[in-house]
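Here is what each chain is made of, one letter per residue.
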Amino acid sequence: MALIITDECINCDVCEPECPNEAIFQGEEIYEIDPNKCTECVGHYDTPQCVEVCPVDCIPKDVNHPESDDQLWVKYEKLTGNKRPG
């Protein structure tokens, strides 16, 4: 499942550089996440890095973009050209 940034975002700029897929960008009012690029850091890290650094806890799972772990791995492989280990 992709992540989403809620309107509680304070535009602190810490999440964008943490995203290994460059899925986070500055929207009109707050930062936003491109669900086509968000893998919840699957393939890169054990936990979503944007969630780890967010000081206001405004990055939940996006219920409008449900994905299984397998689907996130497929997206990771497509985005990076790397294969799932194992």
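Everything here concerns the structure above.
A.B. asks: Break down empty space enclosed by the protein for me, with residues and values.
C.D. replies: Summed over all chains, the structure comprises 2 cavities of 30 Å³ or more. Here the largest cavity is characterised by a volume of approximately 90 Å³. What lines the largest cavity is a set of 14 residues, among which Cys-19, Cys-38, Glu-40, Cys-41 and Cys-50 lie closest to the centre. Partitioned by chemical class, the residues of the lining of the largest cavity number 10 nonpolar, 3 polar and 1 charged. Looking at the second largest cavity, its volume works out to about 70 Å³. Taken together, 13 residues form the lining of the second largest cavity, with Cys-9, Cys-12, Cys-15, Cys-54 and Cys-58 sitting closest to its centre. Residue classes in the lining of the second largest cavity are distributed as 11 nonpolar, 1 polar and 1 charged.

About the criteria used
- Residues numbered from 1 in each chain as written.
- Predicted model: local features only at pLDDT ≥ 70, side-chain atom pairs only at ≥ 80, totals over all residues.
- Heavy atoms only, no water.
- 1 Å grid on protein atoms, 1.4 Å probe; cavity = no way out; pocket = protein on both sides within 12 Å on 5 of 7 lines; lining within 4 Å.
- Points joined across faces, edges and corners; volume = space filled by probe spheres on them.
- Nonpolar A, V, L, I, M, F, W, Y, C, P; charged D, E, K, R; others polar.

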